[in-house]
Amino acid sequence: MASAANPDLVIFSKTDPEDPKNWSRWRKRLVCAYISTLAFTSVFGSSIYAAAELQIRARFDTSADISSTGLTVYVLGFSLGPLICPMSEIYGRKLPYMVSWPFLIAMSGIDAFVDNLAVILVFRFLAGTFAACAINNTLLGHDTEDLNLMNLSIAAFILSGPCVALVVGFFVVVYAGPQLWALRVFFFLCIGVWPVVFLLPESHGPTILAARSKKLRKQGRPNARAAHEMKHQATSELLRVHFGRPAKMFLNEPIVQGAAIWTSLAYGIIYFFFEVYPIVFFQQHHFPLQLTGLPFIAVIIGTFLAAAFYLKLVAFFMKFPLPEFIVPASTPKDAPEMRLKLALFACIMMPISLFWFAWTSGGNVHWIAPTLAGIPFGFATITIFFTFLTYTSQTYTIYASSSSSCNVFARCTIGSIFPIVAHSIIDNVGSEWGVSIFGFISLILIPIPLAFLRWGPALRERSPLAKEANAIVAKMRAQAAAAAKKAQEAAAAAAEEKEKSLASVSERSALPVENGPPQDA
């Protein structure tokens, strides 16, 4: 039994190769590619269904609203998955993939081959629940620009994956026959990328340290403990914190609420477009069905442009002057709020792109006009996502996963509603006014980033959870520094003892030695 009073603290050294922060750049990028592949596949499964909706309506003789439910329930599964199974904070980041991916394959396999709409909808929901792991268990770190850029590229794959699915899906629907091959393509894709799950290394520092301390205890160091193991928490307590803290944040933290509102709107509009684009380009611009998904390429271009230039844009906008009534002169130049200047720019670009698309969506304007509107929309969407999520992560530090859970739940729950209402809105008011509704909503929400720029430091200062998280981080750093100092002192003492021992041996070897045996008198 380890002694709580005299623990043998297990920590990462500054150059520890097992610390994810110290991984080589190629290894970090390889892990980023693995995670991006799994995340891309998960979201691919959401919108590939939209391409098959015409087949589903004809096959099961149902309405547009009911057929779109298959998209809704999958996205709703995204929101509930992390709440049902918070494994990453308890068991690390790899195990959730190992558990969830086989279930995703099984659920999507039933979807792909069953001939019953009710069963398809039920297992679409379950598939989305298990797919949630790959889009909520992606965090690589916040420490360096390199990691930030990789996290941004993962986000770009998450947002572009559904768009690629539509591009592919309509070709599959037209050329693969009357069966629901769009869903089967997703099933086989899940099987194809399954080996990637086994290639993923563990990237959760506390889990790595816990495994190391366990190994050291087996090797004869019974007091070996990782820092987070010093305070034992039962699984029930961890689950209580997992549910309670995000709920508390969502109800009491204005920063979490504002970020959730904007990311939910942007996310919802994406899924709204999955229903609206076929109406605009297939029905109003008379595209062949197989080409109906191609305009989404513009959204993909905008997404990857934002990812490619994000760090340069952040640096530019952090220096961009704004009036003092928006950003007080007392705000530090490196304050987290300074990144929200870029968020403000993206929030302004959002209604511009929506009004552009709305009033060129009719068949009386060349199709290239609404298509090009997708570039600023994709750019604004990924920028809004990453700037707001980065801001909440910097605010709540070690509680970033809880703030992220709030955001995921809000945006997926709200986003799941948009596909259902899309057809009713467009049927009643047309694509021009239907899309414009969301343009006006985004205009109304522009004061949110303005408020964060003006009062963000005060909100962070008054936040109990932000204070608590920062205090824990400071304590952990102090413990790590104390442990490192103790290790250095022990090493110095050992070196000094060794030096004394060598000096003693040298002194003894320097004493005179009598030659030959003593002679008799």
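As the structure is a prediction and not an experimental result, all values here were calculated from the model. Starting from 1, residues in each chain are numbered consecutively following that chain's sequence as written. Selection of residues for local features in this predicted model requires a pLDDT of at least 70, selection of side-chain atom pairs for listing and counting requires 80 or more, and totals for whole chains, interfaces and linings are taken over all residues. Computation of side-chain values covers all heavy atoms of the structure but excludes hydrogens and water.

Peer 1: Which parts of the structure should I look at to understand a nonpolar patch on the surface?
Peer 2: Like-charged residues are merged into a patch within 9 Å and nonpolar side chains (Val, Leu, Ile, Met, Phe, Trp, Tyr) within 5 Å, provided each residue has over 30% relative accessible area and no salt bridge. Computed by Shrake-Rupley with a 1.4 Å probe, the accessible areas treat only the displayed protein chains as cover when residues are assessed. In the sections that follow, a salt bridge refers to a side-chain nitrogen of Lys or Arg positioned within 4 Å of a carboxyl oxygen of Asp or Glu. A cluster of nonpolar residues, Phe171, Val174, Tyr175, Leu294, Ile297, Ile301, Leu305 and Phe309, forms a patch on the protein surface that exposes about 680 Å² of accessible area. Every helix listed is a DSSP run of H or I at least four residues long, and every strand listed is a run of E at least two residues long, numbered separately from the N terminus. When contributions to the nonpolar patch are tallied by element, the ones reaching two or more residues are α8 (145-175) and α13 (296-319). When residues of the nonpolar patch are assigned to their parent elements, the largest contribution, four residues, is made by α13. You can see tyrosine 175 is positioned in helix α8. The rule is simple: take the accessible area with a 1.4 Å probe, protein chains only, and divide by the maximum for that residue type; under 20% is buried, over 50% is exposed, in between is partly exposed. Judged by relative accessible area, which is 59%, tyrosine 175 ranks as exposed.

Peer 1: Would you mind showing me how to read the confidence of the model for the protein chain here?
Peer 2: Detailed reading of the predicted coordinates is not advisable wherever pLDDT falls low. The pLDDT averaged across the protein chain works out to 83; a share of 85% of its residues lies at or above 70. Each residue carries a pLDDT score, the predictor's confidence in it, ranging from 0 to 100. Note on definitions: a residue-residue contact is assigned when non-hydrogen atoms from the two residues lie within 4.5 Å. Between residues 1-5, whose pLDDT stays under 50, and residues either more than four places distant or in other chains, the model counts five contacts. In the model, residues 514-521 has pLDDT below 50 throughout and makes zero contacts with residues more than four positions away in sequence or in other chains.

Peer 1: I keep staring at the packing of aromatic side chains and nothing clicks. Help me out?
Peer 2: Where two aromatic rings form a pair, the distance of their centres and the angle of their planes describe that pair. When the centres of two rings from Phe, Tyr and Trp lie within 6.5 Å, Trp using its six-membered ring, the rings pair. Their planes under 30 degrees apart give stacked, over 60 give edge-to-face, and anything left gives tilted. In total, this model carries 36 aromatic pairs according to the counting rule given. Between phenylalanine 187 and phenylalanine 188, the ring centres sit 5.1 Å apart and the planes meet at 55°, which makes this aromatic pair tilted. Under the relative-accessibility criterion, phenylalanine 187 is labelled buried at 13%. We classify phenylalanine 188 as partly exposed; its relative accessible area is 42%. We call a charge positioned over a ring when the NZ of a Lys or the CZ of an Arg lies within 6 Å of the ring centre and within 35 degrees of the ring normal. In this arrangement the basic side chain of arginine 27 is found over the ring face of tryptophan 23, its NZ or CZ atom lying 4.2 Å from the centre. The positively charged end of arginine 411 is found above the aromatic ring belonging to tyrosine 267, 5.6 Å away from the centroid.

Peer 1: Honestly, the pattern of salt bridges in this entry has me stumped. Any pointers?
Peer 2: Pairing between side chains of opposite charge can happen when their charged atoms approach one another. Under the criterion given, the structure shown has three salt bridges. Linking arginine 57 and glutamate 53 is a salt bridge whose minimum nitrogen-to-oxygen distance equals 3.6 Å. Of this pair, arginine 57 and glutamate 53 both sit in helix α2 (residues 53-60), four residues apart, which is roughly one turn of that helix. In this structure arginine 57 comes out as partly exposed when scored by relative accessible area, which is 22%. Its relative accessible area of 2% is what places glutamate 53 among the buried residues.

Peer 1: Is there a simple way to explain the nonpolar core in this structure?
Peer 2: Here is a general trend for soluble globular proteins: nonpolar side chains tend to be buried in one another's company. As used here, the term nonpolar core means buried Ala, Val, Leu, Ile, Met, Phe, Trp, Tyr and Cys residues forming a set that is joined through side-chain atoms within 4.5 Å. Core analysis: the largest hydrophobic core is formed by 130 residues, its most contacted members being Phe78, Trp262, Phe272 and Phe273. With 18 residues, the single largest contributor to this core is helix α12 (residues 254-284).

Peer 1: So what exactly am I meant to see when it comes to the packing of helix α6 (residues 94-113) against helix α9 (residues 181-199) here?
Peer 2: Axis angle and axis distance: for two packed helices, these are the angle between their axes and the distance between the axes, and together they describe the pair. Axis lines are fitted through C-alpha atoms, for helices just across the contact stretch, and the angle between N-to-C directions can take any value from 0 to 180 degrees. Where α6 contacts α9, the two axes come as close as 9 Å, and the packing angle between them is 160°. If you check the angle between α6 and α9, you find them roughly antiparallel. The way α6 lies across α9 gives a crossing that is left-handed. The segment α6 lies against α9, with Lys94, Tyr97, Met98, Trp101, Pro102, Leu104, Ile105, Ser108, Gly109, Asp111, Ala112 and Phe113 engaging Leu183, Arg184, Phe186, Phe187, Phe188, Cys190, Ile191, Val193, Trp194, Val197 and Phe198. Residues are grouped as follows: Ala, Val, Leu, Ile, Met, Phe, Trp, Tyr, Cys and Pro are nonpolar; Asp, Glu, Lys and Arg are charged; every other residue, Gly included, is polar. Split into classes, the residues belonging to the contact of α6 with α9 amount to 18 nonpolar, two polar and three charged. By definition in this entry, angles of less than 35 degrees are roughly parallel, angles greater than 145 are roughly antiparallel, angles of 65 to 115 are roughly perpendicular, and the rest are oblique. In a left-handed crossing the near helix is turned counterclockwise from the far helix by less than a right angle, and in a right-handed crossing that turn is clockwise.

Peer 1: Could you clarify how one ought to interpret unusual backbone geometry in this entry?
Peer 2: Generally, phi is negative for residues other than glycine and the peptide bonds are trans, each holding for most cases. The phi angle at aspartate 61 is positive, at roughly 50°, despite the residue not being glycine. Here aspartate 61 is to be found in the loop between α2 and α3 (64-67). Phi angles above zero are rare outside glycine, and histidine 286 is one such case at about 60°. Secondary-structure assignment places histidine 286 in the loop between α12 and α13.

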